[in-house]
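# Overview (structure and organization)
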Amino acid sequence: MREAWVLNGFIPSNQEEEQILEEISTQLMFDPCKESHRLRSNSWSEPDRIRNPKVVVEKLTGGDRSREWQCWEETSLELLRKRGVYTGLTTYIHEIEQRLTPIILSE
């Protein structure tokens, strides 16, 4: 799920994003960036709306795709691996490192 991976790499870049993340975390009673795998709803209606990862990403990024890209382009691989254990991101990164890196380095 793309949204879970975006959340795995989300680091607030300003005070507004910090506040939004804090509000969402308070509602959920967990940090959606550290535990995005717990967002399992696909509902756009209350009360489950806040558990929809698409809704959380939209709120945190303001719907800005370039802000979403920052979450995986600028966040350290170490943090992505740590947060991505339960979303498949860690496995994906490992797979890329094991299979794609040797191909690129051989050329």
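In this text the structure is predicted, and so the values were computed from the model without any measurement. (Residues numbered from 1 in each chain as written. Predicted model: local features only at pLDDT ≥ 70, side-chain atom pairs only at ≥ 80, totals over all residues. Heavy atoms only, no water.)

## Things to note about the overall build of the protein chain
The line we're drawing: Helix and strand definitions follow DSSP, with helices as H or I runs of at least four residues and strands as E runs of at least two, each counted in order from the N terminus. Note on definitions: a residue-residue contact is assigned when non-hydrogen atoms from the two residues lie within 4.5 Å. What sets the accessible areas is the Shrake-Rupley method with a 1.4 Å probe; for residues, cover comes only from the shown protein chains. Under this rule, positive means Lys or Arg and negative means Asp or Glu; His and the chain ends count for nothing. Here the site of a charge means NZ on Lys, CZ on Arg, CG on Asp, or CD on Glu.
Of regular secondary structure, the protein chain possesses 6 helices and 0 strands. Listed by position from the N terminus, the elements making up the protein chain come as α-α-α-α-α-α. Overall size of the protein chain, expressed as C-alpha extent along the three principal axes, is 50 × 25 × 20 Å. For the protein chain, contacts bridging at least 24 residues in sequence account for 54% of all contacts bridging at least 6. Looking at the protein chain as shown, the accessible area adds up to about 7100 Å², and 51% of this sits on carbon and sulfur atoms. Separation between the mean location of the 14 positive side-chain charges and that of the 19 negative ones in the protein chain comes to 6 Å.

## A short note on the packing of aromatic side chains
Put simply, the test is: Working definition: a ring pair exists when centres of Phe, Tyr or Trp rings (six-membered ring for Trp) sit within 6.5 Å. Plane angles under 30 degrees give stacked, over 60 give edge-to-face, the rest tilted. Working rule: Lys NZ or Arg CZ, within 6 Å of ring centre, within 35 degrees of ring normal, means a charge sits over the ring.
Within this structure, the stated rule accounts for 1 aromatic pair. Ring geometry for W5 against Y92: centres 5.0 Å apart, planes inclined by 35°, an arrangement best described as tilted. Of this pair, W5 sits in helix α1 (residues 2-9) while Y92 sits in helix α6 (residues 89-106); the two residues are 87 residues apart in sequence, bridging distant segments of the chain. Directly above the aromatic system of F30 lies the positively charged group of R38, at a separation of 4.1 Å from the ring centroid.

## A few points about the state of the cysteines
Selection criterion: Cysteine sulfur atoms that come within 2.5 Å of each other are treated as a disulfide pair. Accessibility here uses a 1.4 Å probe with only protein chains present; expressed as a share of the type maximum, an area under 20% marks a residue as buried, one over 50% as exposed, and anything in between as partly exposed.
What the rule picks out here adds up to 0 disulfides. Not part of a disulfide, C33 finds its nearest cysteine sulfur in C71, a span of 7.7 Å. Relative accessible area serves as the criterion here: at 1%, C71 is assigned to the buried category.

## Section: the nonpolar core
Just so we agree on the cut-off: As used in this record, nonpolar core signifies buried Ala, Val, Leu, Ile, Met, Phe, Trp, Tyr and Cys residues forming a set joined through side-chain atoms within 4.5 Å.
Within the largest apolar cluster, 15 residues are counted, with the highest numbers of intra-cluster contacts made by L7, I24, L28, C33, L39, V56 and L60. For this core, the secondary structure elements donating two or more residues are α1, α2 (15-28) and α3 (53-61). No other element matches α2, which puts 4 residues into this core. Aside from chain neighbours lying at most four places away, what touches L28 is L39, I50 and R51.

## As for the packing of α1 against α3
Selection rule: Lines fitted to the C-alpha atoms define the axes, with helices restricted to the stretch that makes contact. Angles between their N-to-C directions range from 0 to 180 degrees. When an angle is under 35 degrees it counts as roughly parallel; over 145 it counts as roughly antiparallel; between 65 and 115 it counts as roughly perpendicular; any other value is oblique. The sense of a crossing depends on the near helix, which, turned anticlockwise from the far helix by less than a right angle, makes the crossing left-handed and, turned clockwise, makes it right-handed. For this classification, Asp, Glu, Lys and Arg are treated as charged, while Ala, Val, Leu, Ile, Met, Phe, Trp, Tyr, Cys and Pro are nonpolar and the rest, including Gly, are polar.
In contact at an axis separation of 9 Å, α1 and α3 are set at 40° when each is read in the N-to-C sense. With respect to α3, the element α1 is oriented oblique. In this structure, the crossing between α1 and α3 has a hand that is left-handed. Residues E3, V6 and L7 of α1 form the contact with α3, whose participating residues are P53, K54, V56, V57 and L60. In the contact of α1 with α3, the residues fall into 6 nonpolar, no polar and 2 charged.

## Observations concerning the confidence of the model for the protein chain
Under the convention used in this document: For every residue, the pLDDT score states the predictor's confidence, bounded by 0 at the bottom and 100 at the top.
Per-residue pLDDT for the protein chain averages 94, and the proportion of residues at 70 or more is 99%. Averaged pLDDT values over the elements of the protein chain bottom out at 89 in α6 and peak at 98 in α2.

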